[in-house]
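# Observations on chain architecture
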Amino acid sequence: MNTLHIAKKEIVSALRNKSTFLFMLAFPIALMLILGLALSNAFSGSIEIGDIKMAYKIDQASPALASGWESFAKAAEKNGVTIEALPSGEDGKQAVTEAQYAAFADVSDKGIAYYDNSRSTIESNILQGMLTSFADRYNLEAAFASAGASSRNGGSGQAPAQLVKSTSLTADSQPNSMDYYAVAMTTMIALYAAINASALIESERTRHTIVRLSAAPVSKAEIFAGKVLGSTVINAIFIVAVMLISHFAFGANWGDHPGHVLLVLITEVLMAVGFGLAVGMIFRSKASHSFLLIFIQIASFVGGAYFPVNDFGGFIGAVSYYSPLRWNNAGVIETVFGGDTAPALAAAGFNLAGAVVLLAVCTFLIRRRETI
Amino acid sequence: MNIIEIGGLTKKFGDFAAVDNMSLTLKEGEIFGFLGANGAGKSTTISMIASLLRPTKGEIKFLGKNIAKHAHFAKMNIGIVPQDLAIYEDMTAFENVRFFAGLYGFRGSELKVRVEEALSFVGLGDKHKELPKNFSGGMKRRLNIACAIAHRPKLIIMDEPTVGIDPHSRNYILQSVKELNRMGCTILYTSHYMEEVEEICTRIAIVDHGKIIADGTKEQLKAIITDSKEIWIDVKSVEGLNQERLKEIRGVLSVRIEEQRIKIQSRAEIANLNDIVQQLIRDGMEIRAVEEQAPNLETVFLTLTGRNLRD
């Protein structure tokens, strides 16, 4: 009962603290809005570019390849890409150099030789992707045709081209910028629970109320549990509020598994509370606040709070794996946009394991002290 | 019956003994004064009685039960008024008292009644909805007391409860202490103000270097000092006074200056008043009054410890 009594007091105190409201609600919402709007292009699935022209030449190609290439050229045209046969006598490479075409493809049964202009990087990348896709598809169809001939069995009776169908795995489930920053800011603010938690015990010391708590018939374990519970509940309330605001005000998508998402976030809060308490008890001064601010900022940066971490490579990319935000962001995003709950459960498991270790450290430190 | 029995109590911080083999008893129903200069060991002793610190050696019994073994029983019956204000500024007076009283297991209407009772007792009944940050120093001190008494403890430990407050609030608190005692509470009271201790305490212990060097009633303590007297000399100005020459006069034990008053402690059997007065005249002092005082608690403390209580 004393644990609940102490937890209730923590919740009431936090709800009365205007700066907590500002920090835990206004800060993530404002950042979400600013980053979500400012970086919306970075998450957009389409880009406006002008007409793309590619020249080609077919030498010594089989009828199947010639026919496939023709289909490819027609399909490309529907997507605004003009694929023209190089007029006889012209040099394709020269034409690309002179920027008459973005690229030139020399098609034969031996393969496709591709030449592009370094000044048309985006167009060239698009064409290269299309050609690769065409080559993969053609090879697959050829393999089917070959298998069908060897078995002398018509199989389904369909032409090879109809047998190959490609489906994009994530065609309709990519987060837009607001979706991404709603998740990133919420996981970041969950980590910020550590800052308030670092003062949970030490603030009782500076206010001298630790004397009353210690003189009362309440065990150190009850005081500790009450503090952890109260802090976790109040931070969870803020997290849910941020989620709801991001959903209803900015249309952020939280997917079809809100329970799993909440599980990740609440276990992250618990881990952050344990971390904050441990740091607060080790430093026993305002230095803990500064340490946590620096730590959380670095963890946020490398963990994908401001930019998707897939963009990082090298040292920062390696460091990012140690940021709690990385696994929590991944757990939530994959659950929300991939529809799979396993990543959420994995992230929650990591969080719980971290929380257990950190709270055990706190318990050890408390047991060593005469008063909490 | 003894409410507190302390035997061979020692508390060491490293090699330093803050409390050194202390033995003491407090009887039920008394207001016990605990006198000592800063660092004498008062707060450490109080902290051990309130179960805030563990003794290095020795034991403390509360109503005959060892505190270490019956901590819950002792804590339920002891209230502590810490020297530093121990209240939450962001919670109302009512919420503060309710939170701390709630730690003693009280809930619902019983809790409400006790909280209201405690706040009324300290004269904050009409301020129960206000935040302490809007209170004066004296009101905060009274709230500090209310938080310690709502669970109706048998023993209340008050550590310097009147520090830094106005005379009106101090008087209110002293009257409250007497009233709590009349209601059956035993009080363990520490203060730097000798006159407070003289006014309210029925028994007093003087602590120095972690040991009790004297204890008893005011009269018993004063009776210890039979071989010294205090001479008070009021002068127009103490400018030019040579204290060292005064101390060289036969029988003079110590010299203190309090504004325009020179307090000289001297051996009782030596007639040295003439020498003292002549020295003061030589120093250019304009003497306005001379008075010989019987020993008071301050004299006793000074004689026994060699220093002032406020040192």
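Please read all numbers here as calculations on a predicted model, not as lab measurements.

## Section: the overall build of chain B
The secondary structure content of chain B amounts to eleven helices and 14 strands. Across its three principal directions, the C-alpha atoms of chain B cover 75 × 45 × 35 Å. Here chain B holds 311 residues, and the buried ones make up 53% of them. Across chain B, the fraction of contacts at a sequence separation of at least 24, relative to all contacts at a separation of at least 6, is 70%. Side-chain charges in chain B split into 42 positive and 42 negative, and the spacing between the mean points of these groups amounts to 6 Å.

## Observations concerning the packing of aromatic side chains
A full pass over the atoms with the stated rule returns 19 aromatic pairs over all chains. Between A:Phe21 and A:Phe238, the ring centres sit 5.3 Å apart and the planes meet at 90 degrees, which makes this aromatic pair edge-to-face. Of this pair, A:Phe21 sits in helix α2 (residues 18-38) while A:Phe238 sits in helix α11 (residues 220-250), and the two are 217 residues apart along the sequence. Given the relative accessible area of 32%, A:Phe21 is considered partly exposed. A residue is classified by how much of its surface remains accessible, and A:Phe238, at 3% relative accessible area, is buried. Ring geometry for A:Phe104 versus A:Tyr115: centroids 5.9 Å apart, planes at 15 degrees, classification stacked. Placement of the pair is A:Phe104 in strand β3 (residues 103-108) and A:Tyr115 in strand β4 (residues 111-116), with a sequence separation of eleven residues. Accessibility expressed as a relative area gives 4% for A:Phe104, which makes it buried. Classification of A:Tyr115 by relative accessible area gives partly exposed; the value is 29%. Linked through ring pairs, A:Tyr56, A:Trp69, A:Phe72 and A:Phe134 together constitute an aromatic cluster. Here B:Lys65 stacks its cationic end above the ring of B:Phe73, 4.3 Å away from the centre of that ring.

## What to know about the interface of chain A and chain B
With 22 residues of chain A at the interface, the matching set in chain B holds 30 residues. Three residues stand out in chain A for area buried against chain B, namely A:Arg212, A:Pro217 and A:Glu370, and they jointly supply 32% of the buried area on that side. Where chain A packs against chain B, one counts one salt bridge. Here B:Glu95 makes a salt bridge to A:Arg16, at a shortest N to O gap of 2.5 Å. There are nine residue pairs in polar contact (both at pLDDT 80 or more) connecting chain A and chain B. Among the residues forming the side of chain A that touches chain B, the class breakdown is eight nonpolar, seven polar and seven charged.

## Description of the sheet that holds strand β5 (residues 65-66) of chain B
Residue and element names in this part refer to chain B. Read from one edge of the open sheet, four strands run β2-β1-β4-β5, paired in antiparallel fashion. Strands with a single pairing partner mark the edges of an open sheet, and in this sheet they are β2 (16-27) and β5. Bridging between strand β4 (residues 57-62) and β5 involves two bridges; their strand directions are antiparallel. Along β5, the bridge assignment pairs Phe62 with Lys65.

## Notes on the pattern of salt bridges
For the structure shown, the criterion picks out 28 salt bridges over all chains. A:Lys227 is the salt-bridge partner of A:Glu204, the closest N and O atoms lying 2.4 Å from each other. One end of the pair, A:Glu204, is in helix α9 (residues 202-206); the other, A:Lys227, is in helix α11, with 23 residues separating them in the sequence. A:Lys227 carries the same exposure label as A:Glu204, and that label is buried. Of the charged contacts in the structure, one is a salt bridge between B:Glu116 and B:Lys112, with a shortest N-O distance of 3.2 Å. Separated by four residues within a single helix, B:Glu116 and B:Lys112 lie in helix α4 (residues 108-121), roughly one turn from each other. What makes B:Lys112 partly exposed here is its relative accessible area of 45%. Sharing partners across several salt bridges, the network here consists of A:Lys9, A:Glu10, A:Glu204, A:Arg207 and A:Lys227.

## Topic: the nonpolar core
Among the nonpolar cores identified, the biggest contains 65 residues, and A:Met32, A:Met185, A:Met188, A:Trp254 and A:Leu277 are the most heavily contacted of them. Core analysis: the next-biggest nonpolar cluster, separate from the first, contains 59 residues, B:Ile87, B:Phe99, B:Leu119 and B:Phe135 among them.

## Structural notes on unusual backbone geometry
Residues and elements named next belong to chain B. If you check the backbone angles, His209 has positive phi at about 50 degrees while not being a glycine. By the element assignment, His209 lies in the loop between β9 (203-208) and β10 (211-216). His209 sits in the exposed class, given a relative accessible area of 60%. Phi is positive for Glu259, close to 55 degrees, though the residue is something other than glycine. Relative to the helices and strands, Glu259 is located in the loop between β12 (252-258) and β13 (261-267). Under the relative-accessibility criterion, Glu259 is labelled exposed at 69%.

## Observations concerning α4(B)
Residues and elements named next belong to chain B. With 14 residues, α4 should cover 20 Å at 1.5 Å per step; its first-to-last C-alpha distance of 20 Å lies within 8% of that length. Among the residues making up α4, those that are buried are Leu111, Arg114, Val115, Ala118, Leu119 and Phe121. Take α4 and look down its axis: the buried residues cluster within an arc of 160 degrees, on one side only. Against α3 (93-102), α5 (137-149) and α6 (167-182) lie the buried residues of α4. Gly123 occupies a position one or two residues after α4 and carries a positive phi of about 80 degrees.

## Quick look at the confidence of the model for chain B
Summary statistics for chain B give a mean pLDDT of 91 and a share of 99% for residues scoring 70 or more. Interface predicted TM-score (ipTM) for the complex: 0.83; the corresponding pTM is 0.74.

Cut-offs applied
Residues numbered from 1 in each chain as written. Chains lettered and ligands numbered in written order. Predicted model: local features only at pLDDT ≥ 70, side-chain atom pairs only at ≥ 80, totals over all residues. Heavy atoms only, no water. Helix = DSSP H or I, 4+ residues; strand = E, 2+ residues; numbered from the N terminus. Buried < 20%, exposed > 50% of the residue type's maximum accessible area, 1.4 Å probe, protein only. Contact = heavy atoms within 4.5 Å. Lys, Arg positive; Asp, Glu negative; His and termini not counted. Charge placed at Lys NZ, Arg CZ, Asp CG, Glu CD. Phe/Tyr/Trp six-rings, centres within 6.5 Å; stacked < 30°, edge-to-face > 60°. Lys NZ or Arg CZ within 6 Å of the ring centre and 35° of its normal. Buried area = accessible area lost by both parts, 1.4 Å probe. Salt bridge = Lys/Arg side-chain N within 4 Å of Asp/Glu carboxyl O. Polar contact = N/O pair within 3.5 Å; in protein donor to acceptor, adjacent residues only side chain to side chain. Nonpolar A, V, L, I, M, F, W, Y, C, P; charged D, E, K, R; others polar. Pairing = 2+ DSSP bridges. Core = buried A, V, L, I, M, F, W, Y, C linked by side-chain atoms within 4.5 Å. Expected span 1.5 Å × (residues − 1). Arc of directions from axis to C-beta. pLDDT = per-residue confidence, 0-100.

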